[in-house]
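Descriptive structure summary
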2 protein chains.
Amino acid sequence: MTPEEFRTAGHVLIDWIADHRSRIPELPVASQVKPGEVAAGLSAAAPERPEPFEAVLSDLERVVVPGVTQTQSPNFYGWFPSNAALASVLGDLASSGIAALGITWASAPALTEVEEVVTEWLRELTGLPAGWRGAIQDTASSACLVALLAARERASGISQNRGGLQGEPAALTVYTSPQAHSSVRKAALLAGFGADNLRQVAVDPVTYAMRPEALAEAMGADAAAGRRPAAVVVAVGTTGTTAIDPLAQLVPIAAQYGAWVHVDAAMAGSALLLPERRWMIDGLDGADSLSWNPHKWLGTILDCSLLYVRDPGELISVMSTNPSYLRSAADGEVTQYKDWGIPLGRRFRALKLWFHLRLDGVEAIRARLRRDLANAAWLGEQVAAAPGWRLVAPVSLQTVCVRHEPADLVGPDGSNGDDGVEDGEALDRHTLAWVAAVNDSGRAFVTPSLLDGRWMVRISIGAESTERRHVAALWALVRAEAERRT
Amino acid sequence: MTPEEFRTAGHVLIDWIADHRSRIPELPVASQVKPGEVAAGLSAAAPERPEPFEAVLSDLERVVVPGVTQTQSPNFYGWFPSNAALASVLGDLASSGIAALGITWASAPALTEVEEVVTEWLRELTGLPAGWRGAIQDTASSACLVALLAARERASGISQNRGGLQGEPAALTVYTSPQAHSSVRKAALLAGFGADNLRQVAVDPVTYAMRPEALAEAMGADAAAGRRPAAVVVAVGTTGTTAIDPLAQLVPIAAQYGAWVHVDAAMAGSALLLPERRWMIDGLDGADSLSWNPHKWLGTILDCSLLYVRDPGELISVMSTNPSYLRSAADGEVTQYKDWGIPLGRRFRALKLWFHLRLDGVEAIRARLRRDLANAAWLGEQVAAAPGWRLVAPVSLQTVCVRHEPADLVGPDGSNGDDGVEDGEALDRHTLAWVAAVNDSGRAFVTPSLLDGRWMVRISIGAESTERRHVAALWALVRAEAERRT
């Protein structure tokens, strides 16, 4: 495709995207396609000759769009917000247009230095300690794996330069809470620690946050048994209920063992732009790394996860390579992001953050985040006040965790055990039935999740376009679908 | 930013990209900026209020473009081709516009199913065995790590579900050649095997391909010593000289030990679109995985690496997670790509491949690849015929590895040892001097690399816009810069 052909098709595509984004509120939120339906609508072989742009665009419209759950809808309350601010879309387009190859500083000095500048902007905006430095990773899953690899190597005296974990005399152990994201367990297993050496530290039964005394006990028991505590993964905003582990109390416990403390703030990190939410990371000075995802609530388009570290040297000693074909005269003076993570080749992802912050401005982003926190607090109040409804966890951020507990499924509050539930299975069926009705309606999308072995429903507020009126309509829909089943 | 503001700015940006791509042949190929120069040109703090689009675009022009080595230039011969076909740029823009969230099949069925369809297109186009299945990863580095993690778990009977590598009685070993990409060593170390358990299998002194008898010997010695050979990483197209390890001869050796065979064809994979190059993967039936990067020579914009596996079950058993909040009614019937790699959240990267193949057509892509192979063969002939010049490795693909060896730096051929080099240090200084002159001129860009301890120069042909006349001009420039120094 020539630049002139690109110009013509590009204008058409920009218009298509602008139109598409405008109609999203009218589309079903959850994709309604059946397994295999998208694939069946596509050609089974690649074309030998070029196809017209219109044919591709027509397939996009006909097959792809119906096959996407609309995370940009104001009625999207699923998983966590996954905003894709149009300003960041432009930044990503600029990145593709410039087509920089990020393998070393020399291959694209701007790719490295814009990333340094913009991660420093965000360090300051989120109140992370001075001197901490950031790099863009694809996701919090990868960031957690990188942190646990660094932890493994610290605890083992860089065993990878010898016999690896295989040669280690004492088992290295990792600590997290049962409420931590599934990627933490995955990262610990991929890093080779083994399931037997991953500790699920007990949480508080009301807040679902990790209990410091339980961590102290678990680490102490392992150390007494000759094992070496290597890492603690602290969740600031868990996936289930956005519980906030008490970092300031956990850090000194980890410090007794020299264990790496990684803070997973994938969702909650966006809120750190608000000074009034900085208490969530009190104690971070004593931790080693923190990751959060601008591609969630902040709205810089996927994939854009930030990993900040207190001492980049600890990453570099584990991740660096120096083959002859990547050396240049600038080595030693510059940052080589290839040594901060797993992939060698990197996209110019800093541009989407840079465009996003500059074109939208920080003030407007802060206002939107505060709007969402207020909407969640408001919804929490409605739920707490509605007969038959229960908030199953504190509303600590922008996610409201609810259950409809009609009288015929639960006894009088507290009369039949801790949660008053008489027939858990029937309650679960009820919960899943009304969630399915809401999601199948296409009018909104929420995510059911297990908490203490029972299904509850997460209403995760924070799509860029979600206003109070949408939340009010969602609450009316949810009530109607749940209550008409009783 | 509203859809209408996006429309206005988007049209401007499309025009800017079309204009930028048109002027690339006139830009210096290697970025000429000094360390810190880009950062110094940017604001040190994020703006509170929105900036006009023109201000951002102006910084792009003023600071970013000069800070990028122009891999899209017809005069780019560095590292490996890093093409970013404009058709794929449109596909990536469509992906951003649609803003699908790839965490499970249900979150965006089209994201999963287009990826299944397009990786199947490419399986067939590249002649991989029927039944092998593909997934998009960011880079070959990550793909290799994923393969080595699967290898580790196969060899240890899924030790990650027990004590991890820490509990294993016998050391697991990994085999590759000293010519393999640096990411192979990095992946082996990150996977926890340890440097002591990574074997550098000897290569042929002329072809630089792994010697089967050396592999057999190394694996046999380890097995005899009670170690367990876990994986062999075979390079089809090494980074230094594009040497092609003899897969068909290596596979049966690995099979004796049940070792995982991963084929790293990051660069050479594109050539598999040409039936006459399929011999490079003879023997693949007996291997376990292969990765190659459409974001190199093929030209689907970074990041786009393909990982094909014979048995996806072996990845899934290592990588899968199943938290309650990600379950859906379709589970069991559909592909969950989250279980094929490290990150949970994935971009809709299949669209850029899909757009690229459909808008450019396979026939034109094949013609371009054949053009580049012919240009490399032609250049190889020129080098071989030029007095004082030497091809230091066979031209097995599109990269020509050369050294200028003037008479005062080497003796008569063969008279002073194997390579005739009299004063290696002086020769190295000469090589690096003429390379620096070529690269500093801004007129072309090539990469020096060490081979057998001496610097040589890789001329890697294959930028989308590189025609024979550019290669001829490069050869004239290289000759002039090298020969005027003697």
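Residues numbered from 1 in each chain as written. Chains lettered and ligands numbered in written order. Predicted model: local features only at pLDDT ≥ 70, side-chain atom pairs only at ≥ 80, totals over all residues. Heavy atoms only, no water.

Remarks on the pattern of salt bridges
We apply this condition: One speaks of a salt bridge when a side-chain nitrogen belonging to Lys or Arg is within 4 Å of a carboxyl oxygen belonging to Asp or Glu. In this text, helices come from DSSP runs of H or I with a minimum length of four residues, and strands from runs of E with a minimum of two, each type numbered from the N-terminal end. A 1.4 Å probe rolled over the protein chains alone gives each residue an accessible area, and that area as a share of the maximum for its type sets the label: buried under 20%, exposed over 50%, partly exposed in between.
Summed over all chains, the structure comprises 67 salt bridges over all chains. A salt bridge links Arg366 of chain A to Glu48 of chain B; the shortest N-O distance between them is 2.9 Å. Of this pair, Arg366 of chain A sits in helix H12 (residues 362–385) while Glu48 of chain B sits in the loop between helix H2 (37–40) and helix H3 (53–64), each in a different chain. By relative accessible area, Arg366 of chain A is classed as buried at 16%. On the accessibility criterion, Glu48 of chain B (34% relative accessible area) is partly exposed. A salt bridge links Glu405 of chain A to Arg390 of chain A, with the shortest nitrogen-to-oxygen separation between them at 3.0 Å. With Glu405 of chain A in the loop between strand E10 (399–404) and helix H13 (424–440) and Arg390 of chain A in strand E9 (residues 389–391), this residue pair connects regions lying 15 residues apart in the sequence. Looking at Glu405 of chain A, the relative accessible area reads 8%, which means it is buried.

Focus: the packing of aromatic side chains
Rules: Paired rings are identified among Phe, Tyr and Trp, the last through its six-membered ring, by centres lying within 6.5 Å, and are further divided according to the angle between planes into stacked (under 30 degrees), edge-to-face (over 60) and tilted (the rest). Consider the ring centre and the ring normal. A charge sits over the ring if Lys NZ or Arg CZ is within 6 Å of that centre and within 35 degrees of that normal.
Following the criterion strictly, the structure yields 16 aromatic pairs over all chains and no others. Ring plane angle 75 degrees and centroid distance 5.1 Å describe the contact between Trp389 of chain B and Trp475 of chain B, whose orientation is recorded as edge-to-face. On the criterion of sequence distance, the pair formed by Trp389 of chain B in strand E9 (residues 389–391) and Trp475 of chain B in helix H14 (residues 468–483) is long-range, its members being 86 residues apart. In this pair, the class of Trp389 of chain B matches that of Trp475 of chain B, namely buried. Arg358 of chain A extends its terminal NZ or CZ atom over the ring of Trp354 of chain A, reaching a point 4.7 Å from the ring centre. Cation over ring: Arg458 of chain B sits above Phe80 of chain B, and NZ or CZ is 4.8 Å from the ring centre.

Section: the sheet that holds E10 of chain A
Residue and element names in this part refer to chain A. Selection criterion: Whether two strands pair comes down to DSSP finding at least two bridges between them. We call two residues contacting when some pair of their heavy atoms lies within 4.5 Å. Helix axes are fitted to C-alpha atoms over the stretch in contact, other axes to C-alpha atoms as well, and angles between N-to-C directions run from 0 to 180 degrees.
Sheet architecture is open: five strands sit in the order E1-E11-E12-E10-E9, paired in mixed fashion. The open sheet is flanked by strand E1 (76–77) and E9, the only strands paired with a single partner. Here E10 runs beside strand E12 (residues 454–460); their pairing, made up of four bridges, is antiparallel. Along E12, the bridge assignment pairs Val400 with Ile459. Lying over the sheet, H13 contacts E9, E10, strand E11 (445–451) and E12, oriented at roughly 30 degrees with respect to E12.

Describing the relation of the copies chain A and chain B
Just so we agree on the cut-off: When the copies are superposed, the least-squares fit draws on C-alpha atoms of residues that have pLDDT of at least 70 in both.
Superposition record for chain A on chain B: RMSD 0.0 Å, screw rotation 180 degrees, translation along axis 0.0 Å. The superposition of one copy onto the other is thereby described by a two-fold rotation axis. A shared interface surface links the copies, since 99% of the contact residues of chain A are contact residues in chain B too.

Considering the pairing of strand E8 (residues 305–309) of chain A
Residue and element names in this part refer to chain A. With five of its five residues buried, E8 lies for the most part within the structure. Burial along E8 is two-sided: the residues Ser305, Leu307 and Val309 and Leu306 and Tyr308 are all buried. Pairing of strand E2 (residues 133–137) with E8, which is carried by five bridges, proceeds in the antiparallel orientation. What sits directly across from Gly134, in E8, is Tyr308.

Quick word on the interface of chain A and chain B
The criterion, for reference: Once two parts are joined, some of their accessible surface, as seen by a 1.4 Å probe, is lost; buried area is that loss totalled over both. Each polar contact in these results corresponds to two N or O atoms within 3.5 Å; when the atoms are within protein, one needs to be able to donate a hydrogen and the other to accept it, and residues that are neighboring in sequence are counted only if both atoms are side-chain atoms. Amino acids are sorted into nonpolar (Ala, Val, Leu, Ile, Met, Phe, Trp, Tyr, Cys and Pro), charged (Asp, Glu, Lys and Arg) and polar (every other residue, Gly among them).
Between chain A and chain B, the residue contacts involve 148 residues of the former and 148 residues of the latter. Taken together, both faces of the contact between chain A and chain B bury some 12,700 Å²; the carbon and sulfur share is 63%. At the boundary of chain A with chain B, the tally comes to 14 salt bridges. Between Arg358 of chain A and Asp59 of chain B there is a salt bridge, with the nearest N and O atoms lying 2.8 Å from each other. For the pair chain A and chain B, the number of links is 75 residue pairs in polar contact (both at pLDDT 80 or more). Residue composition of the side of chain A that touches chain B, by class: 81 nonpolar, 39 polar and 28 charged.

Overview of the side chain of His295 of chain A
Residue and element names in this part refer to chain A. Residue placement: His295 occurs in the loop between strand E7 (289–292) and E8. For His295, the side chain forms a polar contact with the main-chain nitrogen of Cys304, separated by 2.8 Å. Discounting residues that sit within four places of it in the chain, His295 has contacts with Pro81, Ser82, Asn83, Asp138, Thr139, Thr300, Ile301, Leu302, Asp303, Cys304 and Ser305.

A look at helix H3 (residues 53–64) of chain A
For clarity, the cut-off: To estimate the expected span of a helix, count its residues, drop one, and scale the result by 1.5 Å. Think of the arc as the fan of directions from the helix axis to the C-beta atoms.
Across its 12 residues, H3 of chain A extends 15 Å between first and last C-alpha, which sits within 8% of the 16 Å expected from 1.5 Å per residue. Those residues of H3 of chain A lying buried are Phe53, Val56, Leu57, Asp59, Leu60, Val63 and Val64 of chain A. With its buried residues spanning 160 degrees around the axis, H3 of chain A presents them on a single face. Here the buried face of H3 of chain A lies against helix H1 (3–23) and helix H2 (37–40) of chain A together with helix H4 (86–98), helix H5 (109–126) and helix H11 (350–360) of chain B.

Considerations on the packing of H1 of chain A against helix H1 (residues 3–23) of chain B
In a packed pair of helices, the relevant descriptors are the angle between the two axes and the axis-to-axis distance. Worth spelling out the cut-off: The cut-offs work like this: below 35 degrees is roughly parallel, past 145 is roughly antiparallel, 65 to 115 is roughly perpendicular, and the gaps in between are oblique. Each helix crossing is assigned a hand: it is left-handed if the near helix lies turned anticlockwise from the far helix by less than a right angle, otherwise right-handed if that turn is clockwise.
As a packed pair, H1 of chain A and H1 of chain B sit with axes 9 Å apart at the nearest point and diverge in direction by 165 degrees. Here H1 of chain B runs roughly antiparallel to H1 of chain A, going by the angle between their axes. Crossing hand, H1 of chain A versus H1 of chain B: right-handed. Counting all contacts with H1 of chain A, which are made through Pro3, Phe6, Arg7, Gly10, His11, Ile14, Asp15, Ile17, Ala18, Asp19, Arg21 and Ser22 of chain A, the residues of H1 of chain B involved are Pro3, Phe6, Arg7, Gly10, His11, Ile14, Asp15, Ile17, Ala18, Asp19, Arg21 and Ser22 of chain B. In terms of residue class, the contact of H1 of chain A with H1 of chain B is made up of 10 nonpolar, six polar and eight charged.

Comments concerning H1 of chain B
Between its first and last C-alpha atoms H1 of chain B spans 30 Å; for 21 residues at 1.5 Å apiece the expected length is 30 Å, and the two agree. Those residues of H1 of chain B that fall on the buried side of the exposure criterion are Phe6, Arg7, Ala9, Gly10, Leu13, Ile14, Trp16, Ile17, Ala18, His20 and Arg21 of chain B. Those residues of H1 of chain B hidden inside the fold are in contact with H1 and helix H4 (86–98) of chain A together with H3 and H4 of chain B.

Topic: the nonpolar core
Quick note on the threshold: Only buried Ala, Val, Leu, Ile, Met, Phe, Trp, Tyr and Cys residues count toward a nonpolar core, and they belong to the same one when joined by side-chain atoms within 4.5 Å.
In this structure, Leu60, Trp354 and Phe355 of chain A together with Leu60, Trp354 and Phe355 of chain B are the most contacted members of the largest nonpolar core, which totals 190 residues. Excluding anything up to four places from it in sequence, Trp354 of chain B contacts Leu42, Val56, Asp59, Leu60 and Val64 of chain A together with Val114, Val118 and Trp121 of chain B. Within the second largest apolar cluster, 66 residues are counted, among which are Leu145, Ala150, Ala187 and Val233 of chain B.

Regarding the side chain of Arg346 of chain B
When you line up the elements, Arg346 of chain B lands in the loop between helix H10 (312–319) and H11. In this structure the side chain of Arg346 of chain B is engaged in a polar contact, spanning 2.7 Å, whose partner is the side chain of Glu115 of chain B. Residue contacts for Arg346 of chain B: discarding those within four places in its chain leaves Leu302 of chain A together with Ala100, Leu101, Gly102, Leu111, Glu115, Ala135, Ile136, Tyr337 and Lys338 of chain B.

Comments concerning the sheet that holds strand E2 (residues 133–137) of chain B
Residue and element names in this part refer to chain B. With respect to topology, seven strands assemble into an open sheet ordered E2-E8-E7-E6-E5-E3-E4, the strand pairing being mixed. In this open sheet, the two strands that pair with only one neighbour each are E2 and strand E4 (198–200). For this sheet the average axis-to-axis angle between neighbouring strands, irrespective of direction, equals 20 degrees. Here strand E3 (residues 172–176) runs beside E4; their pairing, made up of three bridges, is parallel. Residue Tyr175 lies in a different strand from E4, and its bridge partner there is Arg199. This element, helix H6 (residues 140–155), spans E2, E3, strand E5 (228–235), strand E6 (260–264), strand E7 (289–292) and strand E8 (305–309) of the sheet and lies at about 175 degrees to E6.

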